[in-house]
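Coordinate analysis (summary)
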Amino acid sequence: MEAKKRLYIVSFGDSKKYRVEFEDVANVDPFHHTNPLEAVESDVKEYLENLFPGEALAYFETPKITEVYWKDRAEYELYPVLDATAIKAIEAELKVEVENRDDQNRLDCNAPYAEVNPEAK
């Protein structure tokens, strides 16, 4: 049995979408299954946790993955490849997204009547 080629479209948060192609050797050797996205997800998660410790960032650090039929791969040739350069771009984009979210939350808390006066009952 030969390895099956796979194509995925991947994004994090509201980042651009990237193309990931690989051969799934699990069809050939079920004990040798590699997921190329695990390392990317781990890198992004570690990066965000270092910048924003203790914050809930599941939306930003969890990849959105869509498998594309191999026969339809020509439609996705213009998508950039998910490589080391793309990961750095994703991390920079996610940093801005989290900062913008935090700024918006801070603005919302500064709005009139955002905090309840505990003395008035």
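These notes cover the structure that comes with them. Owing to the predicted nature of the structure, the values given are computational and were not obtained by experimental measurement.

Let us now look at helix α1 (residues 36-51). If you check α1, its first and last C-alpha atoms are 24 Å apart, about what 16 residues at 1.5 Å a residue would give, namely 22 Å. Those residues of α1 that fall on the buried side of the exposure criterion are Leu 37, Val 40, Val 44 and Leu 48. Taken down its axis, α1 places every buried residue within 65 degrees of arc, on the same side. The outward face of α1, more than 90 degrees from its buried face, is lined by the exposed residues Glu 38 and Asn 50.

A few words now on the nonpolar core. In terms of nonpolar packing, the biggest core is built from 19 residues, with Leu 48 and Leu 82 touching the most fellow members. When contributions to this core are tallied by element, the ones reaching two or more residues are β1 (4-12), β2 (18-24), α1 and α3 (84-109). For this core, the element with the highest residue contribution is α3, accounting for 5 residues. Excluding anything up to four places from it in sequence, Leu 48 contacts Leu 57, Phe 60, Glu 61, Leu 94 and Val 98.

A separate point is the packing of aromatic side chains. Within the structure shown, the criterion is met by 3 aromatic pairs. Judged by centre distance (5.7 Å) and plane angle (20 degrees), the ring pair of Tyr 8 and Phe 22 falls under stacked. Of this pair, Tyr 8 sits in strand β1 while Phe 22 sits in strand β2, placing them 14 residues apart in sequence. What makes Phe 22 buried here is its relative accessible area of 16%. With a centroid separation of 5.3 Å and 50 degrees between ring planes, the pair formed by Tyr 76 and Tyr 79 is classed as tilted. By relative accessible area, which is 21% here, Tyr 76 ends up partly exposed. Lys 64 extends its terminal NZ or CZ atom over the ring of Tyr 59, reaching a point 4.4 Å from the ring centre.

This part takes up the sheet that holds β2. Spatially, 3 strands are ordered β2-β1-β3 in an open sheet, and the strand pairing comes out antiparallel. Because the sheet does not close on itself, it has two edges, and the strands there are β2 and β3 (63-68). Going across the sheet, the axis of each strand differs from the next one's by a mean of 30 degrees, ignoring polarity. Two strands pair when backbone bridges link them, and β1 and β2 are joined in this way by 7 bridges, in the antiparallel orientation. Looking across to β2, one finds that Ile 9 is bridged to Arg 19. Strand contacts of α1: β1, β2 and β3, with the helix running at about 15 degrees to β1, the strand carrying the most contacts.

Rules used throughout
Residues numbered from 1 in each chain as written. Predicted model: local features only at pLDDT ≥ 70, side-chain atom pairs only at ≥ 80, totals over all residues. Heavy atoms only, no water. Helix = DSSP H or I, 4+ residues; strand = E, 2+ residues; numbered from the N terminus. Expected span 1.5 Å × (residues − 1). Buried < 20%, exposed > 50% of the residue type's maximum accessible area, 1.4 Å probe, protein only. Arc of directions from axis to C-beta. Core = buried A, V, L, I, M, F, W, Y, C linked by side-chain atoms within 4.5 Å. Contact = heavy atoms within 4.5 Å. Phe/Tyr/Trp six-rings, centres within 6.5 Å; stacked < 30°, edge-to-face > 60°. Lys NZ or Arg CZ within 6 Å of the ring centre and 35° of its normal. Pairing = 2+ DSSP bridges. Axes fitted to C-alpha atoms, helices over the stretch in contact; angles between N-to-C directions.

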